Amino acid sequence: MFSKETYIRRRETLVGKMAQALPEGQRGIVLFVGNVEAPAQYKDNCYKWRQDSSWLYYFGIDDPRYGAVIDLDEDSTTIFADDVEIGDIIWMGPQPSVQSKAEAVGVGSSAPYGTMDQVVAAAVAAGRKVHFLPPSRYYNTMKLAQLTGGMEPSETLVKAVISMRLIKEACEIEQIDHACGIGYEMHSVARDSIKVGIVEQEIVGKMEGLTMSKGWGPSFPTILTQHGETLHNHLHDKIIEPGKLMVIDAGAENNMHYASDFTRTYPTSGKFTTRQREIYQIVCDCNELAFSLVRPGITYREVHLATARKMLEGLSALGLVSGDLDTMVSEGVAGLFQPHGLGHNMGMDVHDMEDLGENLVGYDPDQTRAKQLGLGSLRMARKLVPGHVITDEPGIYFIPALIELWKKEGTGKGFVNFEKLESYYDFGGIRLEDDVLVTETGARRTGADRLPITPDDVEAAMAKAAEA
């Protein structure tokens, strides 16, 4: 956990934001329901434990079956949980009391978990507003429906939480850097393990084993594939073949539950073919351009569009598209090659806070989400401010079904060289991703190191591993 003062300050800030947004005397209560353990097959065999991120942000207690109520009118906070009984002690050993855990995060009042129902019921009966966040787990969904009688999540609370969690504190940035250090190691292990003839799963096992030896584990299901044209390909059953491109998109979550998220693309034979290097260099240039543009005051939507223009410029030089670059950007031609956004927010969730509403998290009130393929999938479009942590992940993919659909429907006609694209149908895809912190003067990549990314550096790193 962070210091007790950190959690006290966060809750005080939250209360202040809620008070500012709501009429005095009509503010009600804020209800937080932490996660419970979820059975995988039977009750005592559960999925790996992971606490709710907003609960961790404000209360820090990383144990199941906890809840809390902040009374905005009475300025009081109570944590609800049950102390262990002898049956629990037999299986788990003695445990700290709920009261001691509450005091460790600056809450003086605690009560049994079941009494939370009574407190909320009394608030509902009195006509008081109950503020809660959108639930992402089944139990929380059912529990909140039971407690509130089907009330909707509080947009006031959602906006207050987003405004706080979007801007990372110094202690959080330190944790993200640490998670990135683990992520750097897991990707280095993966790169050094690429060998023609082995099964992809062997590499995934080494990567994920490292994250569990140094932290909580992977921050999301690992993507490792020789079919990178499928953006989120989680199959790891293929034998590594020569001459392919392997996309590895993976991250680590440290023990404080902060995430990293990197992507690199490797030639399975250790060297890029001429065609692979040409496309790879375009993606690498887009990654560098995006990073160079990140600074306070610019919107990430602008950065996305600038990288789309850079991408089309490179593809134009290869004869795959043609026409005025600005017109192609406005017409959304880049979406054929990169049907996803440039990046997303990072933090405790690898797609930070998207359970609270993707548009509320990633878009300013004066921004409207586009409908174009690619730009419409941009998860972070906001004007950047110091403390934002975002991903920079351009990619180029040759998706035969999508290309054929555009050709059939006439999308991109006059701009896209469909005939030449046919020779790329077996190419696959390339994605290159770094995690970036917006600073007062610009940006820096998170973590102490950076994974090799230029084609020459990638080949050199693979050659060194082959010699070892």
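Thresholds, definitions, all that
- Residues numbered from 1 in each chain as written.
- Predicted model: local features only at pLDDT ≥ 70, side-chain atom pairs only at ≥ 80, totals over all residues.
- Heavy atoms only, no water.
- Helix = DSSP H or I, 4+ residues; strand = E, 2+ residues; numbered from the N terminus.
- Rg over C-alpha atoms; globule rule 2.2 N^0.38 Å.
- Buried < 20%, exposed > 50% of the residue type's maximum accessible area, 1.4 Å probe, protein only.
- Contact = heavy atoms within 4.5 Å.
- Areas by Shrake-Rupley, 256 points an atom, 1.4 Å probe, with all protein chains shown as cover.
- Lys, Arg positive; Asp, Glu negative; His and termini not counted.
- Charge placed at Lys NZ, Arg CZ, Asp CG, Glu CD.
- Core = buried A, V, L, I, M, F, W, Y, C linked by side-chain atoms within 4.5 Å.
- Salt bridge = Lys/Arg side-chain N within 4 Å of Asp/Glu carboxyl O.
- Pairing = 2+ DSSP bridges.
- Axes fitted to C-alpha atoms, helices over the stretch in contact; angles between N-to-C directions.
- Parallel < 35°, antiparallel > 145°, perpendicular 65-115°, else oblique.
- Left-handed = near helix turned anticlockwise from the far one by under 90°.
- Disulfide = S-S within 2.5 Å.
- Expected span 1.5 Å × (residues − 1).
- Phe/Tyr/Trp six-rings, centres within 6.5 Å; stacked < 30°, edge-to-face > 60°.
- Lys NZ or Arg CZ within 6 Å of the ring centre and 35° of its normal.

1. Focus: the overall build of the chain
Per the secondary structure count, the chain includes 16 helices and 15 strands. Here the C-alpha atoms of the chain give a radius of gyration of 24 Å, agreeing with the 23 Å that 2.2 N^0.38 yields for 468 residues. Judged by the C-alpha coordinates and their principal axes, the chain covers about 70 × 50 × 40 Å. When burial is assessed residue by residue, the chain has 53% of its 468 residues classed as buried. Look at the contacts in the chain between residues 6 or more apart in sequence, and 73% of them connect residues 24 or more apart. As presented, the chain carries roughly 20,300 Å² of accessible surface, and 53% of it is formed by carbon and sulfur atoms. Between the mean site of the 46 positive side-chain charges and the mean site of the 66 negative ones, the chain shows a separation of 3 Å.

2. So, the nonpolar core
Of all hydrophobic cores here, the largest spans 56 residues; its most connected members are Ile 203, Ile 279, Leu 315, Phe 337, Ile 396 and Phe 398. Among residues more than four places away in sequence, those in contact with Ile 279 are Leu 315, Leu 318, Leu 320, Ile 396, Phe 398, Tyr 424, Phe 427 and Ile 430. Counting 47 residues, the second largest nonpolar core, distinct from the first, contains Met 18, Ile 61, Leu 72 and Ile 162.

3. Quick word on the pattern of salt bridges
Pairs may arise between side chains of opposite charge once their charged atoms sit close together. Under the definition given, this model contains 32 salt bridges. The salt bridge involving Asp 117 is made with Lys 143; its shortest N-O contact spans 3.0 Å. On the criterion of sequence distance, the pair formed by Asp 117 in helix 5 (residues 115-125) and Lys 143 in helix 6 (residues 138-148) is long-range, its members being 26 residues apart. A relative accessible area of 21% places Asp 117 in the partly exposed class.

4. Focus: helix 7 (residues 155-165)
Regarding helix 7, the residues found buried are Leu 157, Val 158, Ala 160, Val 161, Ile 162, Met 164 and Arg 165. Residues of helix 7 that are buried in the fold lie against helix 1 (4-21), strand 1 (29-33), helix 2 (53-59), strand 5 (130-131) and helix 13 (358-362).

5. Notes on the environment of Ile 182
Within the secondary structure, Ile 182 sits in helix 8 (residues 170-193). Judged by its relative accessible area of 4%, Ile 182 falls in the buried class. Sequence separation of Ile 182 and Glu 253 is 71 residues, and the distance between their C-alpha atoms is 8.2 Å. Ignoring any residue separated from it by four or fewer positions in sequence, one finds Ile 182 in contact with Leu 210, Thr 211, Lys 214, Gly 215, Ala 252 and Asn 254.

6. Re the sheet that holds strand 10 (residues 262-267)
Taking strand neighbours across the sheet as the criterion, the three strands line up as 7-8-10 in an open arrangement whose pairing is antiparallel. In this open sheet, the two strands that pair with only one neighbour each are strand 7 (223-225) and strand 10. Recorded for the sheet is a direction-independent mean angle of 10° between the axes of neighbouring strands. Where strand 8 (residues 245-250) and strand 10 come together, six bridges link them in antiparallel fashion. Considered in strand 10, the bridge of Asp 249 is made with Thr 263. Set on the sheet, helix 8 makes contact with strand 8 and strand 10; between it and strand 10 the angle comes to about 15°.

7. Some thoughts on the packing of helix 10 (residues 274-293) against helix 11 (residues 300-317)
Interhelical geometry of helix 10 versus helix 11 gives an angle of 155° and a closest axis separation of 9 Å. Between helix 10 and helix 11, the angle falls in the class roughly antiparallel. The hand of the helix 10/helix 11 crossing is right-handed. Within the contact between the two elements, helix 10 uses Ile 279, Ile 282, Asp 285, Cys 286, Leu 289, Ala 290 and Leu 293 and helix 11 uses Val 303, Ala 306, Thr 307, Lys 310, Met 311, Gly 314 and Leu 315.

8. A few points about the sheet that holds strand 14 (residues 434-438)
The strand order across the open sheet built from three strands is 11-14-15, with neighbouring strands paired in antiparallel fashion. Only two strands of the sheet have a single partner each, and these edge strands are strand 11 (389-392) and strand 15 (443-445). Sheet twist, expressed as the average angle between the axes of neighbouring strands with direction ignored, equals 35°. Two elements, strand 14 and strand 15, share three bridges in a ladder whose sense is antiparallel. Among the inter-strand pairings, Leu 437 is bridged to a residue of strand 15, identified as Arg 444.

9. Considerations on the state of the cysteines
All told, the structure shown has zero disulfides when counted by the stated rule. As a non-bridged cysteine, Cys 180 has Cys 171 as the owner of its nearest cysteine sulfur, 16 Å distant. Overall, Cys 180 belongs to the buried group, its relative accessible area being 1%. Distance from the sulfur of Cys 286, which forms no disulfide, to the nearest cysteine sulfur (Cys 284) is 9.3 Å. With relative accessibility at 0%, the residue Cys 286 sits in the buried group.

10. A few points about helix 11
Its 18 residues give helix 11 an end-to-end C-alpha distance of 26 Å, which sits within 8% of 26 Å, the value for a rise of 1.5 Å per residue. Turning to helix 11, its buried residues number three or more, namely Tyr 300, Val 303, His 304, Thr 307, Ala 308, Met 311, Leu 312, Gly 314 and Leu 315. On its buried face, helix 11 is in contact with helix 10, helix 12 (325-331), strand 11 and strand 12 (395-397). Looking one or two residues beyond helix 11, the residue adopting positive phi is Gly 319, at roughly 80°.

11. A closer look at the side chain of Thr 307
Secondary-structure assignment places Thr 307 in helix 11. When near neighbours in sequence (up to four residues on either side) are disregarded, Thr 307 contacts Cys 286, Leu 289, Ala 290 and Leu 342.

12. Let's talk about the packing of aromatic side chains
If you walk through the whole model with that rule in mind, you get 12 aromatic pairs. Here Tyr 57 and Tyr 58 contribute two aromatic rings whose centre-to-centre distance is 4.8 Å and whose plane-to-plane angle is 80°, an arrangement assigned as edge-to-face. What makes Tyr 57 buried here is its relative accessible area of 2%. On the accessibility criterion, Tyr 58 (0% relative accessible area) is buried. Here the aromatic rings of Phe 398 and Phe 427 are separated by 5.1 Å at their centres, their planes lie at 70°, and the arrangement is edge-to-face. Of this pair, Phe 398 sits in the loop between strand 12 and helix 14 (400-409) while Phe 427 sits in the loop between helix 15 (418-421) and strand 13 (429-431), and the two are 29 residues apart along the sequence. With relative accessibility at 0%, the residue Phe 398 sits in the buried group. The class of Phe 427 is buried, set by a relative accessible area of 10%. Aromatic rings pair up to connect Phe 32, Trp 55, Tyr 57, Tyr 58, Phe 59 and Tyr 66 into one cluster. The ring of Tyr 424 carries Arg 275 above its face, with NZ or CZ at 3.9 Å from the centroid.

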